[in-house]
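Listed below are the residues making up each chain.
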Amino acid sequence: MNASLLPAVAAFGALALLCPPAPAQSAPAGPSAAAVTGPGVSAELAARRRSQIRDVRYDLALTVGVGDTASGTVTVHFTAVRPGAVVLDFRGLQLGGGRVNGTRWPDAAGAWNRHHVTVPASLVKPGRNAVTLDFATPIANAGAAIIRARDAADSSTYLYTLLVPSDANLLFPCFDQPDLKARVTLHLTTPPSWRALANGAAAARDSSATSVTHHFVATRPLSTYLIAFAAGPWTVTTRHEVIAPNGAPVPTSLFVRASRATEAESDTLLAMNARALRWLGRYFGVPYAFDKYDALLAPAFPFGGMEHPGAVFYNEESFIYRERPTTSQLLGRQATTFHEVAHQWFGDYVTMQWFDDLWLKEGFATFMAARMQADLEPSSNAWKTFYLRNKPVAYGTDATAGTTPVWQRLANLDQAKSNYGPIVYNKAPSVLRQLEYLVGPAAFQRGVQQFLGTHAYGNATWQALLQAIGAASGRDLRSWGTQWMLRPGMPVITQHLETANGRITRLRLVQRPAQPSVSGAGAWPLKVQVRLHYADRPPVSIPVELRGDTTIIAAAAGRPQPAFVFANEGDYGYAIVLPDSASVAWLESRVSEVQDDFLRAMLWGSLWDLVREGELAPGRFARMAMQALPRERDEQLAGSLVGRLNAAVSRYAAEPVRDALLPEVERLLLRGAQDTSATYGSRKAHLDSYVSLARREGALRQLRGWLAGDSAAGLPLRAPTRWAIVTTLIARGAADRDALIAAERRRDNTTEGQRQAFVAGAAAPDSATKQRLFDRWFRDASLNEEWVTSSLRAFHDPDQQRLSRRFLTAALDTLPWIQQNRRIFFLGSWLSGTIGGQTERAALTIIDAWLAAHPSLAPDLRQKVLQSRDDLERTVRVRERYGAYRAAGAAPK
């Protein structure tokens, strides 16, 4: 353990003292007794309960307010179909009295071991049972099932739950596994001025001078991780929308903080959700299956959205804009909305049996969001957006030594957080796109409809989905499923073009695993579309199924030599495609001539993959990008290209190359930001990159000049960009950093302004500040998780890596604690923020030494470290290979 972390570890111990030691008790008999009553929810316990109980209902009463504790009573109704003790899950603050089947249970607290409550077999009868328990659970800014957010604008308090994947048992005693669905009746007591929402529709309110109790009707069957409520002085907008053809109007409401209600586009957001509900009902052949639909814009929400049936929670900052939004932001908001609404079918109506099949809901929701966006917004070029948002992220993880299969074995729900990440969110939907292309859209849709109809309000596995799609398409998909669901890793396809006398003599596609030691030998089954592009004639598209390591494209032989070849036109395949040298030579100077925005985006992606593979110098790529950007008029692609130019210069290029390129890059970005003929989003991307890259004295003076006014490069200067400028100035060593933060805080006294001030402070380039902040991340229980993750980039600024490198070992030492105590995406953000701020071999040596010193590290944590380590290793390799390359000199491949 690194000495600098010891104060934080001491804080962890202090937090543990809040709960007294667990009383001794006997575990249920059997060979797996330790697994059944140990921490978390084991696969053994889940299997045992799956065969033991049926027909679960929860009657849940909770009292919440501005304090740190919620008290409650739950009655758990279930049918016992097998004899034996029944184990409930609970790890809240306190367990009080209990009753079983109407009889007082004086030993209830003694039956609790801080993880589970064991109801003795002697108290359980065949058939219906009812267990009533009193309990208390924490309310906190972080680390609790009930999250508290305080509004800096009006001092109001807001509460909302977040139970995914396994925090329902932190909220109340329950059977916390996805395949024991239950109907939930909630009674929520709050301060009298508060409003509340939950999964079920509001039924009644009982008011007194000091409180109000909100009663909600019983829900449809829900998995425990989907149970939700929120309470506070929300502003509510309600509409009644006809969702199903000839159906009755469904009440749809939007809940927003009172201080931000006038900023929210309530009608637009409600209409967007309703539009998605209608489209998905038609596509799936199943109308929306829950009784009402509420959406909540949650402050300080730790991720984009959460799909609770009838009560979807969205990240407030992603849905209310503090400056003019770009096209990419608007499309992203729509994609998030469509994703969460799609979950009402995939995830809520039909739920995975266990979190090893997490992809079944997340991958499908992302895929269906793109499918819906393509149909509802034809001009949006939705599949281009899908490619830009998913493929680079998926490839960046799946090509690492830490990758996993899409289906991820899970021994305990305690480890379920590790299953979240690019494999389920980005690879899985990409694989579904490949599957739809393989079987055809009509057969794919019929299979999905059959799957939903068979498992209504129930649970299912990936095998059941492929069986339904296979039956609808007349294909046996078992072998395909083995390769794409169970095999880790991904293919890399290299193009090999042979020509003579202006004609193709042979075109070969050679497939290899990105990580042979992880994936093993052998090809993945792939159906792709190969494009032969010509500058002076129409292109030729050739559908091809790849079944072996090498595929010869017979239909290409004899055709005129193309300007370039691209082996994944339309993005139907899931593979890194590395173009041949002749194609690269043409694209280097003429890629802007490709008229298809989607194809052009993919070509730039393949060129970037060559940089990451160490086969194209970052300086050479930067030159390509600088040549193309002034002519690029697709807003999304311009933003993507600006981002890659930034990464090529600031990360992959060694310092001599960066310093040689930086003056010209600054001029290009400034011209792009000032270009009034370009779209706002393109100009904003150039401006943001200029701000983040600013290092030279002239650029830093330019930032200060903008900060003194209300515009930058002719664009309005609003709070988010102002804070970005302040953060950059502090990171570059501004002597007046305290004054910069204080001045901006006077302009922006919102909750978001407080967060941005915290982030800006993290950029200070001195050891003492970094040590204090690192300790605070773990000591300060009032610090919201989102504040921590948003400050990681500033703390680990690459220009300060020799300061932050000493925290590497300490940051890695915290991983087991983070896995147990932080939300699902925190671990990945922690590692990518920490390791992503490093570019030198010294950091790689520290990480490898730490991994070698921890041979018993949990496999899922090791994989997460390896995933983040991969880009550092690539960065070191590229910088060392091309360190002497000058942008104006010879350009090695």
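Residues numbered from 1 in each chain as written. Predicted model: local features only at pLDDT ≥ 70, side-chain atom pairs only at ≥ 80, totals over all residues. Heavy atoms only, no water.

A. Representation of the environment of L432. As for its placement among the helices and strands, L432 is situated in helix α10 (residues 422–439). A relative accessible area of 2% means that L432 is categorised as buried. Separated by 65 residues in the primary sequence, L432 and F367 place their C-alpha atoms 7.0 Å from one another. Once residues lying within four places of it in the same chain are set aside, the contact partners of L432 are W359, G363, F364, F367 and F444. (Helix = DSSP H or I, 4+ residues; strand = E, 2+ residues; numbered from the N terminus. Buried < 20%, exposed > 50% of the residue type's maximum accessible area, 1.4 Å probe, protein only. Contact = heavy atoms within 4.5 Å.)

B. The arrangement of the packing of aromatic side chains in detail. Using the criterion set out here, one finds 50 aromatic pairs in the structure. Aromatic side chains F303 and F825 sit 5.2 Å apart centroid to centroid with 75° between the ring planes, which places their arrangement in the edge-to-face category. With F303 in the loop between β17 (293–298) and β18 (305–306) and F825 in the loop between α29 (815–821) and α30 (826–836), the pair connects residues that are 522 residues apart, well separated along the chain. Assessed through its relative accessible area of 25%, F825 is described here as partly exposed. Residue placement shows R487 over the ring face of W524; its charged tip is 3.6 Å from the ring centre. (Phe/Tyr/Trp six-rings, centres within 6.5 Å; stacked < 30°, edge-to-face > 60°. Lys NZ or Arg CZ within 6 Å of the ring centre and 35° of its normal.)

C. Spotlight on the confidence of the model for the protein chain. With 95% of its residues at a pLDDT of at least 70, the protein chain reaches an overall mean of 94. Residue range residues 1–31 is modelled with pLDDT below 50. Its contacts to residues more than four positions away, or to other chains, number 48 contacts. In the predicted structure, residues 885–893 sits below a pLDDT of 50 and forms 20 contacts with residues beyond four places in sequence or in another chain. (pLDDT = per-residue confidence, 0-100.)

D. Quick peek at the pattern of salt bridges. The full count for this structure, using the stated rule, is 64 salt bridges. A salt bridge links E666 to R696, with the shortest nitrogen-to-oxygen separation between them at 3.0 Å. Of this pair, E666 sits in helix α19 (residues 655–674) while R696 sits in the loop between α20 (680–693) and α21 (697–707), placing them 30 residues apart in sequence. Among the residues examined, R696 registers a relative accessible area of 38% and is labelled partly exposed. Of the charged contacts, one joins R805 and E840 as a salt bridge, the two residues approaching to 2.6 Å between their closest N and O atoms. Of the two residues, R805 is situated in the loop between α27 (801–804) and α28 (808–813) and E840 in the loop between α30 and α31 (841–853); the sequence distance between them amounts to 35 residues. (Salt bridge = Lys/Arg side-chain N within 4 Å of Asp/Glu carboxyl O.)

E. Representation of the sheet that holds β18 in the model. Taking strand neighbours across the sheet as the criterion, the five strands line up as β15-β16-β17-β19-β18 in an open arrangement whose pairing is mixed. Edge positions in the sheet fall to β15 (235–242) and β18, since each has one partner strand and no second. Relative to strand β19 (residues 311–315), β17 is paired through five bridges, and the arrangement is parallel. Bridging across to β19, L297 finds its partner in Y314. (Pairing = 2+ DSSP bridges.)

F. Quick peek at the packing of helix α7 (residues 327–342) against helix α8 (residues 359–376). Interhelical geometry of α7 versus α8 gives an angle of 125° and a closest axis separation of 8 Å. In terms of orientation, α7 lies oblique with respect to α8. The crossing of α7 and α8 is right-handed. For the pair formed by α7 and α8, the contact residues are L331, Q334, A335, F338, H339 and A342 on the first element and E362, A365, T366, M368, A369, M372, Q373 and L376 on the second. In terms of residue class, the contact of α7 with α8 is built from nine nonpolar, four polar and one charged. (Axes fitted to C-alpha atoms, helices over the stretch in contact; angles between N-to-C directions. Parallel < 35°, antiparallel > 145°, perpendicular 65-115°, else oblique. Left-handed = near helix turned anticlockwise from the far one by under 90°. Nonpolar A, V, L, I, M, F, W, Y, C, P; charged D, E, K, R; others polar.)

G. Inspection of the nonpolar core at higher detail. Ranked by internal contacts, the top residues of the largest apolar core, which has 296 residues, are W777 and W830. Excluding anything up to four places from it in sequence, W777 contacts F758, L783, V788, S791, L792, F795, R822 and W830. (Core = buried A, V, L, I, M, F, W, Y, C linked by side-chain atoms within 4.5 Å.)

H. Highlighting the packing of helix α15 (residues 581–590) against helix α17 (residues 618–628). Taken N-terminus to C-terminus, the directions of α15 and α17 make an angle of 45°; their axes are 8 Å apart at the nearest point. Judged by the angle between their axes, α15 and α17 are oblique. Contacts from V584, E588 and S589 in α15 reach R620, M624 and Q627 in α17. Its residues placed into classes, the contact of α15 with α17 shows two nonpolar, two polar and two charged.

I. A look at α17. Of all 11 residues in α17, nine are buried; the element is thus mostly enclosed. Looking at α17, one finds that the buried residues are P618, G619, R620, F621, A622, M624, A625, M626 and A628. Looking at the buried positions of α17, the neighbouring elements they touch are α15, α16 (597–612), α18 (635–652), α19 and α32 (859–881).

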